[in-house]
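Single-letter residue listing:
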Amino acid sequence: GNRDHVIINVGNKETGIWVENLKNVKIKNLTVEDGAGERGGAVFIRQSDVLIDSVNFHSNTSDNGGAIYIDQYNYSSDDVVHIKKSKFMHNRRYI
């Protein structure tokens with residue numbers, strides 16, 4: 001397998017990656033699959049500056065956000081989320 005690409009299988013139990021009150025976060029060369037959180041199946045982001053690069057989001061579910069949930073509570077102009085070269089496949093929001 002490709003050692004430069006990691007697969008995180010969350011097992012439909014919770015949100016895969018939780019990012020809160022952090023700056024200069026880089027999430028890169030991953031697949032996040034089968035996440036199932038209340039806010040973002042794969043990634044929850046609050047008050048953070050995040051770069052998501054070359055990430056595959058596959059089969060994540062959530063009450064809010066499907067694959068990614070960005071919470072704008074106390075949002076500031078420094079809180080920026082950049083997404084590039086990433087794929088979203090079969091993610092959904094619970095209805």
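Refer to the structure printed above.
Residues numbered from 1 in each chain as written. Predicted model: local features only at pLDDT ≥ 70, side-chain atom pairs only at ≥ 80, totals over all residues. Heavy atoms only, no water.

Before we go on, may I ask you to explain the overall build of the protein in this structure?
Across its full length, the protein carries zero helices and eleven strands. For the protein, the α and β elements follow one another from N to C terminus as β-β-β-β-β-β-β-β-β-β-β. What you see for the protein is a C-alpha radius of gyration of 13 Å, in line with the 12 Å of a compact globule of 95 residues. With the C-alpha coordinates aligned to their principal axes, the bounding extent of the protein is approximately 40 × 35 × 20 Å. (Helix = DSSP H or I, 4+ residues; strand = E, 2+ residues; numbered from the N terminus. Rg over C-alpha atoms; globule rule 2.2 N^0.38 Å.)

Quick question: what am I supposed to make of the pattern of salt bridges here?
Any two side chains of opposite charge can pair if their charged atoms end up close together. With the rule as written, the count across this model stands at four salt bridges. Of the charged contacts in the structure, one is a salt bridge between Glu20 and Arg46, with a shortest N-O distance of 2.9 Å. Taken together, the residues Glu20 in strand 2 (residues 17–20) and Arg46 in strand 5 (residues 43–46) connect sequence positions 26 residues apart. The structure contains a network of salt bridges with shared partners spanning Glu20, Arg46 and Asp71. (Salt bridge = Lys/Arg side-chain N within 4 Å of Asp/Glu carboxyl O.)

How do you make sense of the sheet that holds strand 2 when you look at a structure like this?
The pairing of strands in a sheet happens through backbone hydrogen bonds and is either parallel or antiparallel. Read across the sheet, three strands follow the order 2-5-8 without closing on themselves; strand pairing throughout is parallel. Since the sheet does not close on itself, it has two edges, and those belong to strand 2 and strand 8 (68–71), each with one partner. When the angles between neighbouring strand axes are averaged without regard to direction, this sheet yields 10 degrees. Two elements, strand 5 and strand 8, share four bridges in a ladder whose sense is parallel. In the strand pairing of strand 8, Arg46 is matched with Asp71. (Pairing = 2+ DSSP bridges. Axes fitted to C-alpha atoms, helices over the stretch in contact; angles between N-to-C directions.)

Is there a simple way to think about the nonpolar core in this case?
Inside soluble globular proteins, nonpolar side chains tend to come together where they are buried. Ranked by internal contacts, the top residues of the largest apolar core, which has 16 residues, are Ile27, Val43, Ile52 and Phe57. For this core, the elements supplying multiple residues, two or more each, are strand 2, strand 3 (25–33), strand 5 and strand 6 (50–58). Every residue in contact with Ile27, bar those within four places of it in the chain, is listed here: Ile17, Val19, Val43, Val50, Leu51, Ile52, Asp53 and Val55. (Core = buried A, V, L, I, M, F, W, Y, C linked by side-chain atoms within 4.5 Å. Buried < 20%, exposed > 50% of the residue type's maximum accessible area, 1.4 Å probe, protein only. Contact = heavy atoms within 4.5 Å.)

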